[in-house]
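Okay, here's what each chain looks like letter by letter:
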Amino acid sequence: MPRPAKKIAKEKEAQPQKKYKSYARLRGMRDVLFDEYKYWDLVTNKAVDLSRTYGFKRIETPALESLELYEKSTGESSDIVSKEMYSFVDKSGEKIALRPEGTPGLVRAYVEHGMFNLPQPVKMFLIGPFFRHDKPQSGRYRQFSQFNLEMFGEPSPVADAQIILIAYNFFKELQVPVQIQVNSIGCKDDRKSYVSKLLDFYKERGRKSKLCQDCRKRLVKNPLRLLDCKEEKCAAMLADVPQIVDSLCDDCRNHFIKVLEYLDELDIPYNLNPLLVRGLDYYNKTVFEIWPLGEDQARQASLGGGGRYDELVEQMGGRPTPACGFGLGMERTIAKVKETNIPLKNHNEDCIFIAQLGEQSRRKAFLLFEELRRSGIKVRQMFTKDSLKAQLEEANKLGAKFSLILGQKEIIDGTVLIRDMESGIQEVVDYKKIRTELEKRLANGEKREELRNENLEVRS
Ligand code: AMP
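Scoring rules and cut-offs
Residues numbered from 1 in each chain as written. Predicted model: local features only at pLDDT ≥ 70, side-chain atom pairs only at ≥ 80, totals over all residues. Heavy atoms only, no water. Near = heavy atom within 4 Å. Polar contact = N/O pair within 3.5 Å; in protein donor to acceptor, adjacent residues only side chain to side chain. Areas by Shrake-Rupley, 256 points an atom, 1.4 Å probe, with all protein chains shown as cover. Helix = DSSP H or I, 4+ residues; strand = E, 2+ residues; numbered from the N terminus. Nonpolar A, V, L, I, M, F, W, Y, C, P; charged D, E, K, R; others polar. Salt bridge = Lys/Arg side-chain N within 4 Å of Asp/Glu carboxyl O. Contact = heavy atoms within 4.5 Å. Pairing = 2+ DSSP bridges. Axes fitted to C-alpha atoms, helices over the stretch in contact; angles between N-to-C directions.

A. Region of the structure containing the site of the ligand. By nearness alone, 14 residues border the ligand, and Arg132, Tyr141, Gln146, Arg278 and Ser302 come closest of all. At 2.8 Å, a backbone N or O of tyrosine 141 approaches a nitrogen atom of the ligand. In the model, an oxygen atom of the ligand is placed 3.0 Å from a nitrogen or oxygen of the glycine 304 main chain. Starting from 470 Å² of accessible surface for the ligand in isolation, the protein chains cover 90%. Broken down by secondary-structure element, the contributors of at least two residues to the shell around the ligand are strand E6 (143-152) and strand E11 (323-329). Class assignment for the residues of the shell around the ligand results in three nonpolar, six polar and five charged.

B. Up close: the pattern of salt bridges. Summed over all chains, the structure comprises 32 salt bridges. Note that arginine 108 and glutamate 65 form a salt bridge whose closest N and O atoms lie 2.7 Å from each other. Of the two residues, arginine 108 is situated in helix H5 (residues 103-112) and glutamate 65 in strand E2 (residues 64-66); the sequence distance between them amounts to 43 residues. Where arginine 308 meets aspartate 160, a salt bridge forms, and the shortest distance between an N and an O atom there is 2.8 Å. Residue arginine 308 is found in strand E10 (residues 304-308), and its partner aspartate 160 is found in helix H6 (residues 157-173); the two are separated by 148 residues along the sequence.

C. Region of interest: the side chain of aspartate 134. Looking at the element boundaries, aspartate 134 is found in the loop between strand E5 (122-131) and E6. Not counting residues within four places of it along the chain, the set of residues in contact with aspartate 134 comprises Glu84, Arg140 and Arg142.

D. A look at the sheet that holds E6. A sheet is described by the order of its strands in space; here eight strands give the open sequence E1-E5-E6-E11-E10-E9-E7-E8, paired in mixed fashion. Both outer strands of the open sheet, strand E1 (57-58) and strand E8 (270-272), are each paired with one neighbouring strand and no more. Inspection of the sheet shows E5 paired to E6 by 10 bridges, in the antiparallel sense. Bridge pairing links phenylalanine 125 to leucine 149 in E6. In this fold H5 packs onto E5 and E6, with an angle of close to 45° to the strand it touches most, E6. Helix H12 (residues 330-339) rests against E5, E6, strand E9 (284-292) and E11 of the sheet, and its axis sits at about 105° to E6.

E. Examining the sheet that holds strand E3 (residues 87-89) more closely. Overall, antiparallel pairing links the three strands, which are arranged E2-E4-E3 in an open sheet. Each end of this open sheet is capped by a strand with a single partner; those strands are E2 and E3. Averaged over all adjacent pairs, the angle separating strand axes in this sheet is 35°, with direction ignored. Across the face of the sheet, helix H3 (residues 67-75) comes into contact with E2, E3 and strand E4 (95-98) while running at roughly 70° to E2.

So this is what it looks like as structure tokens:
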């Protein structure tokens, strides 16, 4: 039932006027709040550990680069550059862009820092924010993070297979079920002969006239992107479209077969997807995507993608250097990890909580906290609270093993109360011995009985 306007007006009047305006985050942007960080830590650590295990070194490049870098690498006709990039002229008149993807910046860094002088392959990974002015929806944001991993200087199909293996292991070890989609788009000549077959196909049976507006433009600008279209009427025609693998030259076909053989040997399940082209200008030979398993909209909800780009380094001013890599979306991965029951690390588990009662004890508790922390003991506190009940509740919430309680009496006696949070038993310990006492208890839980008899007075 609608509420009477008079009542609403009265309520508004009763509310105190705010002195200052408050602000909301921009559309398509997210705040990562406290509880979600458990997942970010888990996923980031997995990315870092896996990368290092396979010999990749961490790198970061700036979020801002020259606009031209993306126009010349990602490609002016790609959706990313033509529709989604945040680009602007800065105060010194330079045309710049917020990075929409990782590979161009990493290629620039490889060339700029003369990494061709290093032993090849050069293997690097990056975890950081990216920006695309996309239509925001679930799993699609205007700022998102990617785990990028790239290998420069290795032409062999082993490199492609290893990159796919790392991406596969990343999801497998995070218990996220995925399907790997893989295809080869060959070399420039292969694509040229394929594109002419593709154009012939659309000329036949009036197919051209059934295409969506975007695809009609793609026919002229970038026909491979026709395979990517999600419009129903275009997608329907794709069932009969010629396959690019049938246009591969011997070198590209053999390369692709070897990649697939490695994947078979490594027991990595994959799906040969003849429609996968990845929509960026620089790819050649192997391209792949990682889709969540069993989702209707798997393609749109892709968790990551990558492939080989053997000509990009040269096109960006470097020496001819074959390369391959991937970009995996952190937010989408985290959304999937949340659906699993993977155990998350509790950084407070088995901590020692220091509780205090009164001003004087608080001062001493501060010092005790620092002393224990410096000696490597996992201590926690809530010194802003006065009530012991509230402090012990916090200790419980954190999963503390013991609480140390400092009250007036303990200050006078030079002691500390030690409370076993599981049994609730409290014992008095000499303040000076607290550190060694804790170390003993933490090192060897079973010795507790013995210790109690040796130097503790029991208070229950
Ligand atoms: P792409 O290079 O466009 O295939 O992106 C690689 C991965 O980054 C995707 O599979 C997603 O997981 C993630 N990604 C791309 N764009 C977005 C976005 N707008 N919001 C969130 N994640 C994204």
